[in-house]
Every structure is written in structure tokens, then in C-alpha cells.
Amino acid sequence: MKKLILNYLGRDSWSRPVYEADGNLYVDVDPRKGWKPNICTKYNNEFDGEPDMPVSEDIQIEFIPCRDIWD
């Protein structure tokens, strides 16, 4: 199984957590507690870009230092 290690960068203009891995930006589209992560790339690799392509469900995701969720 492939592994994607996401490093937390902050929240975008929609308060969604943004992560970086290997020079690419990713966003957790619906970071609610108790919900499984819904990770997508960022359109044009821009911090405030829209969610683009979803990450394959067969990829294991690790959050560094941890997953940022909404309260």
C-alpha cells in the first residue's frame, strides 16, 4: 500500500486544512471529527485553490504532526 505523508501548513480561506507532500498541496475537504479524511489536491497547486483531484482510497495517509479537524 502506498503512503502519503501530509505536513500541515495551515488553513485556507475556507478554513479547510492544507497540507504539503513532495511539493504538492492537498486539502481535507470535510475535516469533521469522527469522519474519515476526504483529501484532494489543490487546483493549480495554490494554497487558496479549489479542491481538485481526490486521493485514491487505497493510499494510506499520515498527518504530521496530526490531522487538523473542525471543532
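Preceding this section is the structure that the text describes.
Summary of the structure given here. What you are looking at is a predicted structure, and each value in this text was computed from that prediction instead of being measured.

Brief notes about unusual backbone geometry
1) Next: Ile64 connects to Pro65 through a cis peptide bond whose omega is 0 degrees.
2) Next: With respect to the element layout, Pro65 can be found in the segment after strand 6 (60-64).
3) Next: Even without being a glycine, Ser15 presents a positive backbone phi close to 65 degrees.
4) Next: Following the sequence through the fold, Ser15 ends up in the loop between strand 1 (3-11) and strand 2 (17-21).
5) Next: The class for Ser15 is partly exposed, based on a relative accessible area of 37%.
6) Next: In the Ramachandran plot, Asp22 falls in the positive-phi region, its phi being about 55 degrees despite a non-glycine side chain.
7) Next: Residue position: Asp22 is located in the loop between strand 2 and strand 3 (24-28).

Analysis parameters
Note on numbering: residues in each chain are counted from 1, in written sequence order. For this predicted model, a pLDDT threshold of at least 70 governs which residues receive local features, and a threshold of 80 or more governs which side-chain atom pairs are given and counted, while totals over whole chains, interfaces and linings are taken from all residues. As a rule here, side-chain values cover all heavy atoms of the structure and leave hydrogens and water aside. A run of H or I in DSSP counts as a helix once it spans at least four residues, and a run of E counts as a strand once it spans at least two, with each numbered from the N terminus. The buried label applies to any residue whose accessible area, calculated with a 1.4 Å probe on protein chains only, is under 20% of its type's maximum; exposed applies above 50%, and partly exposed to all values in between.

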